[in-house]
Amino acid sequence: MLFWVPVVSLSLLLVYNTLPYFSFSKELSFIAERSFLFRSNFYSACFYTHIFAGSVCILTALIQFSRYILKKSKAIHRWSGKLYVFVVLFLGAPTGLYMSFFAKGSFWERALFLFMAGTWFFTTLNGFTTIHKKNVLAHKIWMMRSYAMAMTAVTFRVYHIVFFMLGWGHLENYELSLWISVIGNMLFAEWMIYRKSRNYLKSFTT
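Note that the structure is predicted; figures quoted are calculated from it, not measured. (Residues numbered from 1 in each chain as written. Predicted model: local features only at pLDDT ≥ 70, side-chain atom pairs only at ≥ 80, totals over all residues. Heavy atoms only, no water.)

> For this particular structure, what's the right way to read the layout of surface pockets?
Here the idea is plain: a probe the size of a water molecule rolls over the atoms and shows the empty space left. Space inside the second largest pocket adds up to approximately 1,400 Å³. Contributing elements (two or more residues each) for the lining of the second largest pocket: α1 (4–18), α2 (29–33), α3 (41–64), α5 (74–100), α6 (107–132), α7 (136–150), α8 (152–165) and α9 (170–202). The element contributing the most residues to the lining of the second largest pocket is α3, with eight residues. Of the residues in the lining of the second largest pocket, the class split is 22 nonpolar, 13 polar and four charged. (1 Å grid on protein atoms, 1.4 Å probe; cavity = no way out; pocket = protein on both sides within 12 Å on 5 of 7 lines; lining within 4 Å. Points joined across faces, edges and corners; volume = space filled by probe spheres on them. Helix = DSSP H or I, 4+ residues; strand = E, 2+ residues; numbered from the N terminus. Nonpolar A, V, L, I, M, F, W, Y, C, P; charged D, E, K, R; others polar.)

> How do you make sense of empty space enclosed by the protein when you look at a structure like this?
Under the criterion given, the structure shown has one cavity of 30 Å³ or more. Quantified by volume, the largest cavity comes out at close to 40 Å³. What lines the largest cavity is simply A61, Q64, F65, Y84, M143 and Y147. Counting only elements with at least two residues in the lining of the largest cavity, the list comes to α3 and α7.

> Hey, could you run me through the nonpolar core in this one?
Note on soluble globular proteins: their nonpolar side chains tend to be buried together. Counting 28 residues, the largest nonpolar core has I58, Y84, W120 and L178 as the members making the most contacts within it. Contributions of two or more residues to this core are made by α1, α3, α5, α6, α7, α8 and α9. Dropping the residues within four chain positions of it, Y84 is found in contact with C57, T60, A61, W120, T124, M143, S146, Y147 and A150. (Core = buried A, V, L, I, M, F, W, Y, C linked by side-chain atoms within 4.5 Å. Buried < 20%, exposed > 50% of the residue type's maximum accessible area, 1.4 Å probe, protein only. Contact = heavy atoms within 4.5 Å.)

> Before we go on, may I ask you to explain a nonpolar patch on the surface in this structure?
There is a patch of nonpolar side chains on the surface, built from L10, L13, Y16, L19, F22, F24, F52, V158, V162, L166 and W168 and spanning about 1,100 Å² of accessible area. The set of elements that each furnish at least two residues to the nonpolar patch consists of α1 and α8. The element best represented in the nonpolar patch is α1, accounting for three residues. Topologically, F24 is positioned in the loop between α1 and α2. (Patch = residues over 30% accessible without salt bridge, like charges linked within 9 Å, V, L, I, M, F, W, Y side chains within 5 Å. Areas by Shrake-Rupley, 256 points an atom, 1.4 Å probe, with all protein chains shown as cover. Salt bridge = Lys/Arg side-chain N within 4 Å of Asp/Glu carboxyl O.)

> How should the pattern of salt bridges be read in this particular structure?
As a working rule, side chains carrying opposite charge can pair if their charged atoms are close by. Following the criterion strictly, the structure yields three salt bridges and no others. The partner of E33 in a salt bridge is R34, and the shortest N-O contact between them spans 2.6 Å. Its relative accessible area of 45% is what places E33 among the partly exposed residues. You can call R34 buried: its relative accessible area is 10%. Notably, a salt bridge pairs K104 with E33, separated by 3.8 Å at the nearest N-O pair. In this pair, K104 sits in the loop between α5 and α6 while E33 sits in helix α2, placing the two residues 71 residues apart along the sequence. The class for K104 is partly exposed, based on a relative accessible area of 22%.

Here it is in structure tokens:
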């Protein structure tokens, strides 16, 4: 409960906060700040596709990791999983990859966004292929890694608020929140994978 209550709450809050963007108003701060990029119809299409895909992924991922739904309806779990995979591979990751070249910050922040998009695609693809090979454990491991990348959108905002309250400057806050979010999520996912699968992993050493 201490883990899932804030995760669900923050995930739903993130999705709610994306709704104003679909008014397609040019007055929103994020769009106004990057008005020169939004002159490109292709960039605009990628942006709106990406935030739509991100919202869908966050919502469907909550279903994927719900033990209650998995016990009650494997069909819902299966179809939400297919939707998650489709949205990541064909919408979320490709648009994120393109937009990474225009991300705010230095070369290293753009490289980090590129890494995030590539990792999100790669881990999701592996999750998809392993379940088709009936390797359930590997599927769970890869999907946990995929979810860790999807959740950077949530954890980044949490860190950003914390550092803002501590008085950090805007650019320094942005860069630090981004790096901590990505690295922190990856390390947390690997810790969870080890904790849940350590007995299986130990079998290889005996």
